[in-house]
Amino acid sequence: MTQSTGTKSSNALHRIVIVGGGAGGLELATRLGKSLGKQGKAKIILVDATLTHIWKPLLHEVAAGTINSFEDELNYFAHASKNYFEFHLGRMKDINRVDKRLILEPLTDETGHEIAPERSLRYDSLVIAIGSTSNDFGTPGAKENCIFLDSRAQADRFQREFLNLYLQAQARAIENPSPQDLNIAIIGAGATGVELAAELHHAAHEFTRYGLNSIDPGNVRITLIEAADRILPVLSKHTSSTATDQLVDFNIQVLTSRRVTAIHKDSVECDGGIFIPATLKVWSAGIKAPDVLKDIAGLETNRINQLVVRATLQTTRDDSIFAFGDCASFTPEGAERAVPPRAQVANQEAIVLAKILKAKLQGKPLPTFSFSDKGSLISLGETNTVGNLIGKINVQGFFARIMYLSLYRLHQVALHGVFKTGVLMFKDLLSRNSGPTLKLH
């Protein structure tokens, strides 16, 4: 039996429940909280399975240890209290469309002990923005032997294992000072895989600055494996070529047109019987929406569990349920493909969805979403950034780096405003100049 949450006063207002506190969901909750919530026109509720938020495009830096996730995280409860919305900790289990209730799984602690039983939240409008997870396509050994970078916890796990290999090598060097090797394989050369490879190359050189020099940077062998005929296959050929040249300069092995057939404890097996030695293995090839969405509540989904939505971002079978970001699939009229699962899509959808929900409350015609591609930028460590902007203008170097860094600051502005973002930038500058440039614990 479920327990419902909420008060009589909240029941008098239109209840907008947003599931997922990623970049899109958190920005939407903040926008609606500052407008509808502050004005007392609607009750805004954000639900997420974790207590803190970190911008997902930063996870490759968290994994490499080049940023400290504890310094860049945002607490949902604290943020909600300042921005006129409520936060509930929980993981979506199901949706009761008849009674308009979101069902949440029992809440447990790290040991599995139940903190709270299964609960439900009443909604008038439900927004699903739970992002995506890696799609291993059923590859044997992937789940058992790879780390996936879908969450901050997974990125933290990789960082710990990466650091532990250096600590282990340092301890061994006391009795055996001979050179030691470290083999890392990254499956999937999309944005995450390419950026992680470059960041790990940078981290390998940083370790030596702090005395962890038992593994020479030249003995860190990073292999990037891609099934397509080039890395960054969804971006322009120029961007792909430029990024490949940079990675090769970093002495990173780039393997294209290679399909991974199995993952073993100490190696990656590719078609043709090729085995690539690897102590650390990261899977970053392909995405799918979380399995909880598969056939949930009779809503229409596609083959990778994404909820199919219309131009109003309403699901095709329920006008009260909206979805956006990586967990949603929207195909513009006349287009052959759905809009891509990228951060800028989720950002643009969050802006439009705030307008859509306000129009719904006012009984006005709903605006529609139209994607405008602003281009893509790929970070290749602190030294370079490549990509293209509006009109397919190819950019790289210092200007592209500044543009790339500004994306995170724009996310912070959407959440905190200009003044606090300026304070955070100053804090980050002091932190970088006063502390280590690599997380060493």
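Quick caveat: nothing in here was measured; it's all calculated off a predicted structure.

**A closer look at the environment of T133**
So, step 1. In this structure, T133 sits in strand 13 (residues 133-134).
So, step 2. A relative accessible area of 24% means that T133 is categorised as partly exposed.
So, step 3. Residues T133 and F148, 15 residues apart in the sequence, show an inter-C-alpha distance of 8.4 Å.
So, step 4. The residues contacting T133, other than those within four sequence positions of it, are D150, G286, I287, K288, A289 and P290.

**Let's talk about the sheet that holds strand 19 (residues 267-270)**
So, step 1. Read from one edge to the other, the open sheet built from three strands follows the order 18-19-20, with strand pairing classed as antiparallel. Strand pairing shows two members of the sheet lacking a second neighbour, strand 18 (260-263) and strand 20 (274-277), which therefore form its edges. Between one strand and the next, the sheet's axes are offset by a mean angle of 25 degrees, whatever the strand orientation.
So, step 2. Two strands pair when backbone bridges link them, and strand 18 and strand 19 are joined in this way by three bridges, in the antiparallel orientation. Note on strand 19: the bridge partner recorded for A262 is E269.

**Some words on the environment of S267**
So, step 1. By the element assignment, S267 lies in strand 19.
So, step 2. Considered as a pair, S267 and N145 are 122 residues apart in the sequence and their alpha carbons are 9.3 Å apart.
So, step 3. Here S267 is in contact with F275, I276, P277, A278 and K281, once residues within four sequence places are set aside.

**Observations concerning helix 11 (residues 398-416)**
So, step 1. For helix 11, spanning 19 residues, the distance from its first C-alpha to its last is 27 Å, which sits close to the expected 27 Å at 1.5 Å a residue.
So, step 2. A bend of about 25 degrees at L407 is the largest found in helix 11.
So, step 3. Of all the residues in helix 11, the buried ones are A400, R401, Y404, Y408, H411, Q412 and L415.

**Some thoughts on the pattern of salt bridges**
So, step 1. Evaluated as defined, the whole model comprises 13 salt bridges.
So, step 2. Of the charged contacts in the structure, one is a salt bridge between R221 and D181, with a shortest N-O distance of 3.2 Å. With R221 in strand 16 (residues 220-225) and D181 in the loop between helix 7 (152-172) and strand 15 (182-187), this pair connects stretches of sequence that are 40 residues apart.
So, step 3. Exposure remark for D181: the relative accessible area of 46% places this residue in the partly exposed category.
So, step 4. Overlapping salt bridges, with partners in common, bring together E73, R152 and D156 in one network.

**As for the packing of aromatic side chains**
So, step 1. Following the criterion strictly, the structure yields eight aromatic pairs and no others.
So, step 2. Judged by centre distance (4.9 Å) and plane angle (20 degrees), the rings of Y76 and F87 are stacked. On the criterion of sequence distance, the pair formed by Y76 in helix 5 (residues 76-82) and F87 in strand 6 (residues 86-89) is long-range, its members being eleven residues apart.
So, step 3. Here F87 falls in the buried class, since its relative accessible area comes to 6%.

**A word on the confidence of the model for the protein**
So, step 1. Mean pLDDT over the protein works out to 90, with 96% of the residues at or above the 70 mark.
So, step 2. The low-confidence segment residues 1-8, where pLDDT is below 50, has 16 contacts with residues more than four positions distant or belonging to other chains.

**Considering unusual backbone geometry**
So, step 1. Not every positive phi belongs to a glycine, and S257 is a case in point at roughly 55 degrees.
So, step 2. With respect to the helices, strands and loops of the structure, S257 is situated in the loop between strand 17 (253-255) and strand 18.
So, step 3. When its relative accessible area of 45% is taken as the criterion, S257 is described as partly exposed.
So, step 4. One non-glycine residue, D295, adopts positive backbone phi at about 60 degrees.
So, step 5. With respect to the helices and strands, D295 occurs in the loop between strand 22 (287-288) and strand 23 (307-308).

**Digging into the nonpolar core**
Side chains of a nonpolar character, in soluble globular proteins, are inclined to be buried together.
So, step 1. In this structure, I95, L102 and I128 are the most contacted members of the largest nonpolar core, which totals 53 residues.
So, step 2. The element contributing the most residues to this core is helix 10 (residues 343-362), with seven residues.

**Let's talk about the packing of helix 7 against helix 8 (residues 191-209)**
So, step 1. For the pair helix 7 and helix 8, the least separation of the axes is 12 Å and the interaxial angle reads 40 degrees. Regarding the angle of helix 7 to helix 8, the classification is oblique. Helix 7 and helix 8 meet at a crossing whose hand is right-handed. Taken together, the residues of helix 8 that come into contact with helix 7 (itself represented by F158, F162, L163 and Y166) are L200, A203, A204 and F207.
So, step 2. Of the residues that constitute the contact of helix 7 with helix 8, the class distribution is eight nonpolar, no polar and no charged.

**A closer look at the pairing of strand 19**
So, step 1. Of the two faces of strand 19, both are covered, the one formed by S267 and E269 as well as the one formed by V268 and C270.
So, step 2. Between strand 18 and strand 19, which pair antiparallel one after the other, the connecting turn spans three residues.
So, step 3. Bridge count for strand 19 against strand 20 is four bridges, and the pairing is antiparallel. Looking at strand 20, one finds that E269 is bridged to F275.

**A closer look at the side chain of Q314**
So, step 1. Considering the arrangement of structural elements, one finds Q314 in strand 24 (residues 314-315).
So, step 2. Residue classification places Q314 among the buried residues on the basis of a relative accessible area of 8%.
So, step 3. One polar contact links Q314 to T312, side chain to side chain, over a distance of 2.7 Å.

**Concerning the sheet that holds strand 21 (residues 280-283)**
The strands making up a sheet are joined through hydrogen bonds of the backbone, oriented either antiparallel or parallel.
So, step 1. The five strands are arranged 14-21-15-16-17 in an open sheet whose pairing can be described as parallel. Looking at the sheet topology across the chains shown, the edges are occupied by strand 14 (147-148) and strand 17.
So, step 2. Pairing between strand 16 and strand 17: three bridges, direction parallel. Each residue of the ladder has a partner; that of I225, found in strand 17, is L255.

What counts and what doesn't
- Positions within a chain are numbered from 1, following the residues in the order the chain's sequence is written.
- Note on the predicted model: pLDDT of at least 70 is required for a residue's local features to be given, and 80 or more for side-chain atom pairs to be given and counted; whole-chain, interface and lining totals, by contrast, use all residues.
- Hydrogens and water molecules were not included; the side-chain quantities draw on all heavy atoms of the structure.
- Strands are runs of DSSP state E lasting at least two residues, helices are runs of H or I lasting at least four, and both sets are numbered from the N terminus onward.
- Note on exposure labels: buried denotes an accessible area under 20% of the residue type's maximum, exposed denotes more than 50%, and partly exposed covers the range between, all computed with a 1.4 Å probe on protein chains only.
- Two residues qualify as a contact provided that any one of their heavy atoms is within 4.5 Å of a heavy atom in the partner residue.
- A pair of strands is labelled paired if DSSP reports no fewer than 2 bridges between them.
- Helix axes are fitted to C-alpha atoms over the stretch in contact, other axes to C-alpha atoms as well, and angles between N-to-C directions run from 0 to 180 degrees.
- Between the first and last residue of a helix there are one fewer steps than residues, each counted as 1.5 Å, and that sum is the expected span.
- Bend is computed residue by residue as the angle between axes fitted to the seven residues ending at the residue and the seven residues starting at it.
- Any carboxyl oxygen of Asp or Glu within 4 Å of a side-chain nitrogen of Lys or Arg constitutes a salt bridge here.
- Stacked, edge-to-face and tilted labels apply to pairs of Phe, Tyr and Trp rings (six-membered ring for Trp) whose centres lie within 6.5 Å, assigned for plane angles under 30 degrees, over 60, and everything in between, in that order.
- What pLDDT reports is the predictor's confidence in each residue, on a scale of 0 through 100.
- In plain words, nonpolar cores are sets of buried Ala, Val, Leu, Ile, Met, Phe, Trp, Tyr and Cys residues tied together by side-chain atoms within 4.5 Å.
- Throughout this description, any angle smaller than 35 degrees is read as roughly parallel, any larger than 145 degrees as roughly antiparallel, any in the 65 to 115 degree range as roughly perpendicular, and the remainder as oblique.
- Crossing handedness follows the turn of the near helix against the far one: under a right angle anticlockwise gives a left-handed crossing, and clockwise gives a right-handed one.
- Just so you know the grouping, Ala, Val, Leu, Ile, Met, Phe, Trp, Tyr, Cys and Pro go in nonpolar, Asp, Glu, Lys and Arg go in charged, and all remaining residues, Gly too, go in polar.
- Any N or O atom pair separated by 3.5 Å or less is treated as a polar contact, with the protein-specific requirement of one donor-capable and one acceptor-capable atom, and with residues adjacent in sequence counted only for side-chain atom pairs.

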